[in-house]
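Architecture and fold: a report
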Amino acid sequence: SADAFTLGPSSDTEIILRVELAAAKAETAGAKAYGKALEQQMAQMSQAFADKLNELQEQIASYQLEVAEKSLMIENLEYEVSEEQKAQDVLMSRLHQTTDRLQQTRALMDETDSMLKQEFSEIRQLRDTFQQRNAGGMESHSNRTRDIHKTLEREGNRRDSLKARLQAMRAANSTY
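The notes below deal with the structure included here. Not measured: the values here are computed from a predicted model. (Residues numbered from 1 in each chain as written. Predicted model: local features only at pLDDT ≥ 70, side-chain atom pairs only at ≥ 80, totals over all residues. Heavy atoms only, no water.)

**Focus on a nonpolar patch on the surface**
On the surface, Leu-116, Phe-120 and Ile-123 cluster together into a nonpolar patch covering about 250 Å² of accessible area. Here Ile-123 lies in helix α2 (residues 12-136). With a relative accessible area of 33%, Ile-123 lands in the partly exposed category. (Patch = residues over 30% accessible without salt bridge, like charges linked within 9 Å, V, L, I, M, F, W, Y side chains within 5 Å. Areas by Shrake-Rupley, 256 points an atom, 1.4 Å probe, with all protein chains shown as cover. Salt bridge = Lys/Arg side-chain N within 4 Å of Asp/Glu carboxyl O. Helix = DSSP H or I, 4+ residues; strand = E, 2+ residues; numbered from the N terminus. Buried < 20%, exposed > 50% of the residue type's maximum accessible area, 1.4 Å probe, protein only.)

**Some points on the side chain of Glu-119**
Relative to the helices and strands, Glu-119 is located in helix α2. When neighbours within four sequence positions are excluded, Glu-119 is seen to be in contact with Glu-155 and Arg-158. (Contact = heavy atoms within 4.5 Å.)

**Considerations on the environment of Ala-171**
Tracing the sequence through the fold places Ala-171 in helix α3 (residues 141-174). Judged by relative accessible area, which is 43%, Ala-171 ranks as partly exposed. C-alpha of Ala-171 to C-alpha of Thr-105: the two residues are 66 residues apart in sequence and 9.8 Å apart in space.

**With respect to the pattern of salt bridges**
One pass over the structure, following the stated rule, counts 6 salt bridges. Lys-52 is the partner of Glu-55 in a salt bridge, and the nearest nitrogen-oxygen pair spans 3.8 Å. In this pair, Glu-55 and Lys-52 both sit in helix α2, 3 residues apart, roughly one turn of the helix. Owing to a relative accessible area of 43%, Lys-52 belongs among the partly exposed residues under this scheme. Here Glu-83 makes a salt bridge to Lys-86, at a shortest N to O gap of 3.4 Å. With a gap of 3 residues between them, Glu-83 and Lys-86 both fall in helix α2, about one helical turn apart.

Structure below.
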């Protein structure tokens, strides 16, 4: 009964089974360790992925804010350009109106100048005629009086016309 006290294997099958059991235990322990290592690695990768995702979301939010600010700046600039264009259009309109008034005034001044030249020419002719008549003394007094009245009437009409033109020029200039 020495066999009962020995711890050794009783048969070859038992030896094989014990070796297989030990191998299976070792394999299980290795698989468990490998599984834990994989779990830790996956947890670390998941955390790294979550951190990277948060970082990217923050960058996206920052870019969206920047785009919104730049869009607002562009809208403000477009509005300023539009207002500046309106102001420039108003100034150009006023410039055209002023130019038109100046051209009208110039035309009235030229016409008035022409009428004044004609008026002075007729006054010189009248003076020459009076001098000739006074020197000759041959024509009758009534003919001279009639000619003087006609000339004075013509001059009065021209002066009224000149006054009306000057008033028109003053009115055109007073609207500036």
